[in-house]
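These are the residues of each chain, in order.
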Amino acid sequence: MTSERASLCPIDSAHESHTVDRVNAFIEEPAFRLRVRDVGNSDLFEASDAVAAETEILKKLGALPEGGLLVVDFAKVRIASEAARQLLRRAIMRITSGEYRDRYVVLENLDRSRYSVDAMLRLEELTAVLRGPSGPSLLGKRDRVAAETFDFVATGEAVTAKMVMDHFGLQNIAAATNRLASLAKLALVRRLGPRALPTGGREYVFSAVR
Amino acid sequence: MIPSLIGVDSAQALRRVVCASPSRASTLWLSALGIGIGDADGHRAFQAGLRSTGLHGDLGRVPPQLTIIDWSLVAELCADSLAYATVVLHALVDRGVPVICCPPDDEHGRQLLMGGWTAPLRREGVVWLSVAGEHRKRAAGPVLLSPIVTFGGSHGPFQASTVLAQLEESLDRHGWPPSPLVSEMVMELVQNTKAHANASVAAMSAMLFPRRRPAMLQVAVADDGVGIPASLQTHPRYAWLGLVSDASAVESVYAARWSRRAPAAGGGVLGELLQLLLAEYESRIVVRSGSGHVCVTSRRPTRASCHSFSHGFGTQHLLEIRRPLA
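For the structure given in this document, a descriptive report is provided here.

Reading guide: rules and limits
Residues numbered from 1 in each chain as written. Chains lettered and ligands numbered in written order. Predicted model: local features only at pLDDT ≥ 70, side-chain atom pairs only at ≥ 80, totals over all residues. Heavy atoms only, no water. Helix = DSSP H or I, 4+ residues; strand = E, 2+ residues; numbered from the N terminus. Contact = heavy atoms within 4.5 Å. Areas by Shrake-Rupley, 256 points an atom, 1.4 Å probe, with all protein chains shown as cover. Buried < 20%, exposed > 50% of the residue type's maximum accessible area, 1.4 Å probe, protein only. Axes fitted to C-alpha atoms, helices over the stretch in contact; angles between N-to-C directions. Parallel < 35°, antiparallel > 145°, perpendicular 65-115°, else oblique. Left-handed = near helix turned anticlockwise from the far one by under 90°. Nonpolar A, V, L, I, M, F, W, Y, C, P; charged D, E, K, R; others polar. Pairing = 2+ DSSP bridges. Phe/Tyr/Trp six-rings, centres within 6.5 Å; stacked < 30°, edge-to-face > 60°. Lys NZ or Arg CZ within 6 Å of the ring centre and 35° of its normal. Expected span 1.5 Å × (residues − 1). Salt bridge = Lys/Arg side-chain N within 4 Å of Asp/Glu carboxyl O. Patch = residues over 30% accessible without salt bridge, like charges linked within 9 Å, V, L, I, M, F, W, Y side chains within 5 Å.

1. Concerning the overall build of chain A
Part 1: Along chain A, the regular secondary structure elements total eight helices and eleven strands.
Part 2: Considering only intrachain contacts with a sequence separation of at least 6, the fraction spanning at least 24 residues in chain A is 63%.
Part 3: As presented, chain A carries roughly 10000 Å² of accessible surface, and 49% of it is formed by carbon and sulfur atoms.

What follows is the structure, given as structure tokens:
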């Protein structure tokens, strides 16, 4: 791990690598905090509350620049699965389908509704990133390979396919690239610009959504 | 008739009154309900009393002029009996049937039932007998963890944060390890009731049995809605379920994650969470809906035990969770 981190340093410092402007270059917008509407005096975030919040999220996603990261903050609410579905499904599907290409969503402060949102995402076959005190983790549909690759990418600022290949002892670089490309397609990691290799050629740098 | 009953010395006197005019009153002997739906035999016994109330949709039956809910012989109160009794009581009063309640004989049960957290059981239209004299002494039994909450219909929304925060705080006070899954299960059950039951009243109750080894948490949600089988059959995809028993229809919801909504439309989350609960805790889940009674335990999470009754009223969910060993 130490050697991996050491090899990461030149990438992390733009002035040394001269190939990427900045690693982990997410442009984080101010967190979108969910609020329960003052209707019916209920403090449970319901599907009816989620309709307006979803519209707001989609609007914010549409306005994000490339590499933009929208944090959805659940700190003040308890949300049941039905409302979570209304709130997140369309946004995540539009991101992964390419409509909002290179935009990202991360969920925060989901302590009180984690299981419901996780079950909802699993049934919808969607995956999202949860920002927690111990770092980012995946919610929803996740296979072992995707989860362990994401965990590895999330341990550092950025990784390359070669690092993934070395870490997991893969047979070839294509397998590692496929793992990272799959995560990038699901908008769980961001593929940053290519950097030149000292030995010639180029490689992409990936950074986890966090 | 009702005012003259207030202040009688004991439940025995009330029983004599009922026996004297059996055609005018129906008695809901809650001795059986005290066992709760967790025990199919107990529930079957309670049905005999429930049938006399006419609440199960027997429209040909003349509603009773008076119903007596008798807790005097209940050995130990439990969460599902409290939630269900609340729903039955509200349904009767809303239909204009006067209700008389006999408190439990033992001191602990009386204190529990007459405390502030059981206020929904003492609504207008319900007369509680003040039974004087000596009461049975019992060691401290179960404790209520949060107020009995009524919601749905004219009973207003479910105050999720208040109720669940109280539940979590009480569990913490009793040394129960933090378990967000339990709160989320309650939230999903309440949400499900609101979305599917079409109920005029629903109730939630949570109790802790600290003297059991290991300690046991009971959470119950009951409603007077259409029931799971009838709700499923409103969808054309499941119309054929009318051919099978209610118990089989209820089982399919939890075993096969069936939902009135297709998985692509957000259905099946409750079944998913219940399976998660069974996997994480030593637990038992009992669902009684329509005439079906289904029980799943964490020891055999894929094999539900099903019973069919002759009739039923609304839906009851009971979660029994054992405290995780350190």
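Once you've had a look at it, read on.
2. Regarding the overall build of chain B
Part 1: The number of helices and strands found in chain B is eleven helices and twelve strands.
Part 2: Per-residue burial for chain B yields a buried fraction of 57% across its 326 residues.
Part 3: Considering only intrachain contacts with a sequence separation of at least 6, the fraction spanning at least 24 residues in chain B is 73%.
Part 4: Carbon and sulfur atoms form 55% of the exposed surface of chain B, whose accessible area is close to 13000 Å².

3. Re the packing of helix H4 (residues 81-97) of chain A against helix H5 (residues 114-124) of chain A
Residues and elements named next belong to chain A.
Part 1: Their axes nearest at 9 Å, the elements H4 and H5 cross at an angle of 50°. Considered as vectors, H4 and H5 are oriented oblique to each other. Judged by the sense of rotation from one axis to the other, the crossing of H4 with H5 is right-handed. The residues of H5 that touch H4, namely those facing Ser 81, Ala 84, Arg 85, Leu 88, Arg 89 and Ile 92, are Ser 116, Val 117, Met 120, Leu 121 and Glu 124.
Part 2: When its residues are assigned to classes, the contact of H4 with H5 shows six nonpolar, two polar and three charged.

4. Comments concerning the sheet that holds strand E10 (residues 189-196) of chain A
All names here are of chain A.
Part 1: Reading across the sheet, the three strands line up as E9-E11-E10 and stay open at both edges, with antiparallel pairing between neighbours. What marks the edges here is a single partner per strand, and that holds for strand E9 (159-160) and E10.
Part 2: Here seven bridges tie E10 to strand E11 (residues 202-208), and the two strands are oriented antiparallel to one another. Paired with Val 189 across the two strands is Ala 208, which belongs to E11.

5. Brief notes about the packing of H5 of chain A against helix H8 (residues 180-197) of chain B
Part 1: Close contact between H5 of chain A and H8 of chain B brings their axes to 8 Å; oriented N to C, the two are set at 65°. One element, H5 of chain A, and the other, H8 of chain B, form an angle in the roughly perpendicular class. Where H5 of chain A approaches H8 of chain B, its residues Arg 114, Tyr 115 and Ser 116 of chain A are matched on the opposing element by Pro 180, Leu 181, Glu 184, Met 187 and Glu 188 of chain B.
Part 2: Partitioned by chemical class, the residues of the contact of H5 of chain A with H8 of chain B number four nonpolar, one polar and three charged.

6. Re the pairing of strand E2 (residues 67-70) of chain B
Residue and element names in this part refer to chain B.
Part 1: By the alternation rule, side chains of E2 split into Thr 67 and Ile 69 and Ile 68 and Asp 70, which are all buried.
Part 2: In terms of strand pairing, E2 meets strand E3 (residues 99-102) through four bridges, oriented parallel. Within the sheet, the bridge partner assigned to Ile 69 lies in E3 and is Cys 101.

7. Topic: the packing of aromatic side chains
Residues and elements named next belong to chain A.
Part 1: Enumeration according to the criterion identifies one aromatic pair over all chains in this entry.
Part 2: Both rings, one in Phe 152 and one in Phe 168, keep their centres 5.8 Å apart while their planes meet at 75°; by these two values the pair is edge-to-face. With Phe 152 in helix H6 (residues 144-155) and Phe 168 in helix H7 (residues 161-168), this pair connects stretches of sequence that are 16 residues apart.
Part 3: The residue whose ring lies beneath Arg 179 is Phe 168, and the NZ or CZ to ring-centre distance is 4.6 Å.

8. Digging into helix H7 (residues 160-173) of chain B
Residues and elements named next belong to chain B.
Part 1: The terminal C-alpha atoms of H7 lie 20 Å apart, and with 14 residues this matches the ideal 20 Å at 1.5 Å per residue to within 8%.
Part 2: Restricting attention to buried positions, one finds in H7 the residues Ala 160, Ser 161, Val 163, Leu 164, Leu 167, Ser 170 and Leu 171.
Part 3: Gly 175 lies just past H7 and shows a positive phi near 75°.

9. Topic: the pattern of salt bridges
Working definition: two side chains of opposite charge can pair if their charged atoms are close together.
Part 1: For the structure shown, the criterion picks out 18 salt bridges over all chains.
Part 2: Between Asp 118 of chain A and Arg 142 of chain A there is a salt bridge, and its shortest N-O distance comes to 3.2 Å. With a gap of 24 residues between them, Asp 118 of chain A in helix H5 and Arg 142 of chain A in the loop between strand E8 (135-140) and H6 connect regions that are remote in the sequence.
Part 3: For Asp 118 of chain A, a relative accessible area of 8% gives the class buried.
Part 4: Residues Arg 123 of chain B and Asp 94 of chain B are paired through a salt bridge, measuring 3.0 Å at the closest nitrogen-oxygen approach. One end of the pair, Arg 123 of chain B, is in the loop between helix H6 (107-114) and strand E4 (126-128); the other, Asp 94 of chain B, is in helix H5 (residues 79-94), with 29 residues separating them in the sequence.
Part 5: Asp 94 of chain B gets classed as partly exposed once you look at its relative accessible area, which sits at 42%.
Part 6: What emerges from the salt-bridge pattern is a single network uniting Asp 118, Arg 122 and Arg 142 of chain A together with Glu 272 of chain B.

10. Examining the side chain of Glu 108 of chain A
Residue and element names in this part refer to chain A.
Part 1: If you trace the backbone, Glu 108 turns up in strand E6 (residues 103-108).
Part 2: Since its relative accessible area comes to 18%, Glu 108 is described here as buried.
Part 3: If we skip the residues at most four places from it in the chain, Glu 108 touches Val 71, Val 72, Asp 73, Phe 74, Ala 75 and Arg 131.

11. A look at H5 of chain B
One turn of the α-helix equals 3.6 residues, which is why residues spaced by three or four share an orientation.
Residue and element names in this part refer to chain B.
Part 1: Compared with an ideal rise of 1.5 Å per residue, which puts 16 residues at 22 Å, H5 spans 23 Å between its outermost C-alpha atoms and is within 8% of the ideal.
Part 2: Of all 16 residues in H5, 15 are buried, a share of seventy percent or more.
Part 3: Looking one or two residues beyond H5, the residue adopting positive phi is Gly 96, at roughly 85°.

12. Observations regarding the side chain of Ser 113 of chain A
Part 1: Tracing the backbone through its elements, the reader meets Ser 113 of chain A in the loop between E6 and H5.
Part 2: Not counting residues up to four positions away in its chain, the partners in contact with Ser 113 of chain A are Val 77, Arg 78 and Ile 79 of chain A together with Glu 184 and Met 187 of chain B.

13. So, a nonpolar patch on the surface
Residues and elements named next belong to chain B.
Part 1: Residues Trp 240, Leu 243 and Val 244 make up a contiguous nonpolar surface patch of roughly 330 Å² in combined accessible area.
Part 2: By the secondary structure assignment, Val 244 is in the loop between helix H9 (228-233) and helix H10 (246-255).
Part 3: Assessed through its relative accessible area of 31%, Val 244 is described here as partly exposed.

14. Overview of unusual backbone geometry
Negative phi characterises most residues that are not glycine, and trans characterises most peptide bonds.
Part 1: Omega for the bond connecting Arg 213 of chain B with Pro 214 of chain B falls within 30 degrees of zero, at -5°, which places this linkage in the cis form.
Part 2: A positive phi is found at Asn 109 of chain A, a non-glycine position, where the angle reads about 55°.
Part 3: Locating Asn 109 of chain A in the fold gives a position in the loop between E6 and H5.
Part 4: Classification of Asn 109 of chain A by relative accessible area gives partly exposed; the value is 33%.

15. Re the environment of Asn 109 of chain A
Part 1: Separated by 32 residues in the primary sequence, Asn 109 of chain A and Val 77 of chain A have C-alpha atoms spaced 9.5 Å apart.
Part 2: With residues near it in sequence (within four places) discarded, Asn 109 of chain A still touches Asp 73, Phe 74, Ala 75 and Arg 131 of chain A.

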